[in-house]
Amino acid sequence: MTSLKNISVLVIDPNGEVAFDLRQSFIAAGAGTHVVASFALAEKLLDLKAIDAVILPYSQNPETIAFCRTIAERNIPAVFTSEPPARYSASRRMSSAIIAVKGLIAEQSAQTYRAIH
C-alpha cells in the first residue's frame, strides 16, 4: 500500500458517487481526508485547513474552472475523477487515485526544493 502519511486530501463529490470509497482508501494510506459536496464548502475548508491535494470531478463548467484557478493560485495540485472503465475493480481505481496524489505531492515538493535552492 502506498503511504500518504502527513498528507491532507480534499475530496469534492457533488453526487456522492465516489466519496466513500476514496475517503476509505486515503485513510487506509494514512492521509487526512475531508469530503465535501460543493465547491463553496471546499473553498471554506481551504481557508481553515492545510490541504495538500484536491480530488474533484472533471468538468469544464464555469464553477469547476473557477475553483481550479483558486487551487492553482494556492499551489494545490488537483486529481480529476471520471467514470472509470467497468473492467477495473473499485480497489484498483482507488489505488490509482492514491498513486496520482502521491506523485503530485512528490513533484510539487521537488519543484519547491528547486525554487528554494
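Residues numbered from 1 in each chain as written. Predicted model: local features only at pLDDT ≥ 70, side-chain atom pairs only at ≥ 80, totals over all residues. Heavy atoms only, no water.

Draft legend 1. Fine view of the pairing of strand β4 (residues 78-81). Here strand β3 (residues 53-57) runs beside β4; their pairing, made up of four bridges, is parallel. In the sheet register, I55 faces β4, and the bridge partner there is V79. After leaving β3, the chain enters helix α3 (residues 62-73) and then returns to the sheet as β4, a path that is right-handed. (Pairing = 2+ DSSP bridges. Helix = DSSP H or I, 4+ residues; strand = E, 2+ residues; numbered from the N terminus. Right-handed = clockwise from strand over helix to strand, strands pointing away.)

Draft legend 2. View of the pattern of salt bridges. Following the criterion strictly, the structure yields one salt bridge and no others. Between D47 and R74 there is a salt bridge, with the nearest N and O atoms lying 2.8 Å from each other. Here R74 lies in the loop between α3 and β4 and D47 lies in helix α2 (residues 39-48), a separation of 27 residues in the sequence. (Salt bridge = Lys/Arg side-chain N within 4 Å of Asp/Glu carboxyl O.)

Draft legend 3. Up close: the packing of α2 against α3. Two elements in contact, α2 and α3, have axes whose closest approach is 11 Å; the angle formed by their N-to-C orientations is 10°. Taken as axis vectors, α2 and α3 run roughly parallel relative to one another. Between α2 and α3, the contacting residues are F39, A42, E43 and L46 on the first element and E63, T64, F67, T70 and I71 on the second. Taken together, the residues of the contact of α2 with α3 sort by class into five nonpolar, two polar and two charged. (Axes fitted to C-alpha atoms, helices over the stretch in contact; angles between N-to-C directions. Parallel < 35°, antiparallel > 145°, perpendicular 65-115°, else oblique. Contact = heavy atoms within 4.5 Å. Nonpolar A, V, L, I, M, F, W, Y, C, P; charged D, E, K, R; others polar.)

Draft legend 4. Structural view of the sheet that holds strand β1 (residues 8-12). Read across the open sheet, the four strands follow the order β2-β1-β3-β4; overall the sheet is parallel. The sheet is open, and its two borders are formed by β2 (32-36) and β4, each paired with just one other strand. For this sheet the average axis-to-axis angle between neighbouring strands, irrespective of direction, equals 20°. Taken together, the three bridges between β1 and β3 define a ladder with parallel strand orientation. Bridge pairing in β3 links V11 to I55. Strands in contact with α2 are β1, β2 and β3; relative to β1, the strand with the most contacts, it is inclined by about 165°. Those strands touched by α3 are β1, β3 and β4, and its axis lies near 170° from that of β3.

Draft legend 5. Representation of α2 within the structure. By the burial criterion, the buried members of α2 are F39, A42, L45 and L46. Buried residues along α2 cover an arc of 115° about the axis, so they all sit on one side. Opposite the buried face of α2, by more than 90 degrees, sit the exposed residues K44, D47 and L48. Where α2 is buried, its residues meet β1, β2, β3 and α3. (Buried < 20%, exposed > 50% of the residue type's maximum accessible area, 1.4 Å probe, protein only. Arc of directions from axis to C-beta.)

Draft legend 6. Structural view of unusual backbone geometry. A positive phi is found at N6, a non-glycine position, where the angle reads about 70°. Summarising the element assignment, N6 is placed in the segment before β1. One non-glycine residue, N75, lies in the positive phi region at around 60°. The topology assignment puts N75 in the loop between α3 and β4.

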